[in-house]
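Below, each chain spelled out in residue letters.
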Amino acid sequence: MKDVDLYAQILGITHPWFVADVKLQAGSGRVDIWLDHKSRVSWACPECGCELACRDHSEERTWRHLDTCQFKTFIHARIPRVRCPEHGVRQVDVPWAEPRSRFTLLMERLVIDVLTECATVEGARKLMRLSWDEVYGVMKRAVRRGMARKKQRQIRYLGVDEKAFRKGHSYMTVVCDLIRGSVEFVAEERKTASLEEYFRSLTPEQLETVKAVSMDMWSPYFLATQKWVPDAAGKIVFDRFHVMKHVGEAVDRVRRQEHKGLLAEKDDTLKGTKYFWLYREENVPDKYRARFETLRAANLKTAKAWAMKESLQALWEYLSPGWAKRFLRKWCSWAVRSGLPPMKKVAQTLRSHMDNIVTFCRHRITNGVAEGLNSKIMSIKRRACGYRNRDNFKAAIYFFCGGLDLYPYPR
Ligand SMILES: [Zn+2]
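About the cut-offs
- Residues numbered from 1 in each chain as written.
- Predicted model: local features only at pLDDT ≥ 70, side-chain atom pairs only at ≥ 80, totals over all residues.
- Heavy atoms only, no water.
- Helix = DSSP H or I, 4+ residues; strand = E, 2+ residues; numbered from the N terminus.
- Rg over C-alpha atoms; globule rule 2.2 N^0.38 Å.
- Areas by Shrake-Rupley, 256 points an atom, 1.4 Å probe, with all protein chains shown as cover.
- Lys, Arg positive; Asp, Glu negative; His and termini not counted.
- Charge placed at Lys NZ, Arg CZ, Asp CG, Glu CD.
- Pairing = 2+ DSSP bridges.
- Donors = N, O, S within 2.8 Å, 3.2 Å for Na, K, Ca; no water.
- Tetrahedral: all angles 85-135°; square planar, octahedral: opposite > 155°, others 65-115°.
- Buried < 20%, exposed > 50% of the residue type's maximum accessible area, 1.4 Å probe, protein only.
- Arc of directions from axis to C-beta.
- Contact = heavy atoms within 4.5 Å.
- Polar contact = N/O pair within 3.5 Å; in protein donor to acceptor, adjacent residues only side chain to side chain.
- Axes fitted to C-alpha atoms, helices over the stretch in contact; angles between N-to-C directions.
- Parallel < 35°, antiparallel > 145°, perpendicular 65-115°, else oblique.
- Left-handed = near helix turned anticlockwise from the far one by under 90°.
- Nonpolar A, V, L, I, M, F, W, Y, C, P; charged D, E, K, R; others polar.

(A) Representation of the overall build of the protein. Counting secondary structure elements, the protein contains 16 helices and 12 strands. At 30 Å, the protein has a C-alpha radius of gyration far larger than the 22 Å of a compact globule built from 411 residues. In the structure as shown, the protein presents an accessible area of about 21500 Å², 52% of it carried by carbon and sulfur atoms. Across the protein, 73 positive and 49 negative side-chain charges occur, with their mean positions spaced 5 Å apart.

Here it is, written out as structure tokens:
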């Protein structure tokens, strides 16, 4: 079998294209393949499919293909152009690559697979013997392709969360599809406008199908949702994990204040107990149980605050918002009268957000999925010191967490 026939088979090249020439440079580990096409064949306009004669050709173009027998493999061809009465002069589609790509479809698919496996551009670049920009280009194109394909799908349960880009300041807003477990949107900052940017990208029909949105008690997100989602009042659910986190932080403030007071009297009862009070009753590890029981019996303010947090857990068992509200109201007045300022403060917060805390009873959604995606995003960021700016980082989030169909398909 001649070289040209062998490569025609390897590449899967079919009529009207054929392999015209093959040059193997063993020294530099590279093989170059030139494709040509039969004359007097018709070509389809890429816009309307109308069959037309070849008008002329583009300059010779080069595509990187999968390595063949360890050799870096390049395909060269001049692409026919047609003049469509309706669409003017157009370059026709070729079966081995997407328009404007410098890779063949198979190569592009492999880069996507390797990138998914390596989870970094740098890792994929080394394995594939490509440049950073080339791999990043594949990633960006894959995301664009995936985004274009997902238009119009229904999103019933959303989770909105903020993400600190740098510690303490500089935030990003991440919107997740809680059912698919995918990142739908990443926006700058954590303002009303950040979330609005997402809602603006949806059609009225899509906004109509949103059943509930889970979020922290953060008024900018609340306001954006209220403005865009029909009947938002009953659909906004303040995430139970965030609610419990706020209460947990109040317990910790009680502990810190009490510990300080006790230390002043040379009493170190609370020393090293910070993490004890994070446990729920049933989760206290056996090795700590005895000490924990002693602490609980010692008439401490911290133990009282912890017991309050424990009893609040019952809230999430209610199925009726009305009953949940009654319970929460009682809990809040207990906390307000507790004489523990941090508990009073958190109770006031819960009281003013009550209506959208109890919506949990109806929708039973949490940001749990979003939190999982958050840690995935953080690990992308950690591994990817190479993302030169936020746009690159965003593309990586969509690539790895967007649940997108990333592959190119032959037309
Ligand atoms: Zn046309």
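Continuing now.
(B) Highlighting the pairing of strand β2 (residues 30–37). Across eight bridges, strand β1 (residues 17–25) lies against β2 in antiparallel orientation. From the neighbouring strand, glutamine 25 faces β2, where its bridge partner is arginine 30. The sheet contact formed by β2 and strand β6 (residues 71–84) spans five bridges and is parallel. Bridge pairing in β6 places aspartate 32 opposite phenylalanine 74.

(C) How the structure looks around the coordination of the zinc ion. The zinc ion binds to the protein through Cys45 (SG), Cys48 (SG), Cys84 (SG) and His87 (ND1); the donor distances cover 2.2 to 2.3 Å. Geometry at the zinc ion is tetrahedral, judged from its four donor atoms and the angles of 103 to 115° they form at the metal. Coordination of the zinc ion draws on donor residues from a single chain, spaced C-x2-C-x35-C-x2-H in sequence. Here cysteine 84 lies in strand β6 and cysteine 48 lies in the loop between β3 (42–44) and β4 (51–53), a separation of 36 residues in the sequence.

(D) Molecular detail of helix α1 (residues 3–11). What α1 keeps buried is the set Val4, Tyr7, Ala8 and Leu11. With its buried residues spanning 105° around the axis, α1 presents them on a single face. Buried-residue contacts for α1 involve β1, β2, β5 (56–68) and β6. Positioned one or two residues after α1, glycine 12 has a phi angle of 70°, which is positive.

(E) Examining the side chain of threonine 68 more closely. Positionally, threonine 68 belongs in strand β5. Taking the relative accessible area as the measure of exposure, threonine 68 reaches 6% and is therefore buried. In this structure the side chain of threonine 68 is engaged in a polar contact, spanning 2.6 Å, whose partner is the side chain of threonine 73. Among residues more than four places away in sequence, those in contact with threonine 68 are Tyr7, Ile10, Val31 and Thr73.

(F) The arrangement of the packing of helix α3 (residues 121–128) against helix α4 (residues 132–150) in detail. Running from amino to carboxyl end, α3 crosses α4 at an angle of 115°, the nearest separation of the two axes being 9 Å. The orientation of α3 with respect to α4, classified from their angle, is roughly perpendicular. The handedness of the crossing between α3 and α4 is right-handed. Across the interface between the two elements, Val121, Glu122, Ala124 and Arg125 of α3 pack against Trp132, Val135, Tyr136 and Met139 of α4. Classifying every residue of the contact of α3 with α4 gives six nonpolar, no polar and two charged.

(G) Broad picture of unusual backbone geometry. Geometrically, the link from histidine 15 to proline 16 is a cis peptide bond, its omega value of 5° lying close to zero. Mapped onto the elements, proline 16 comes out in the loop between α1 and β1. A positive phi angle is found at arginine 100, which is not glycine, with a value near 70°. Mapping arginine 100 onto the fold places it in the loop between β7 (88–91) and α2 (105–118). Given the relative accessible area of 71%, arginine 100 is considered exposed.

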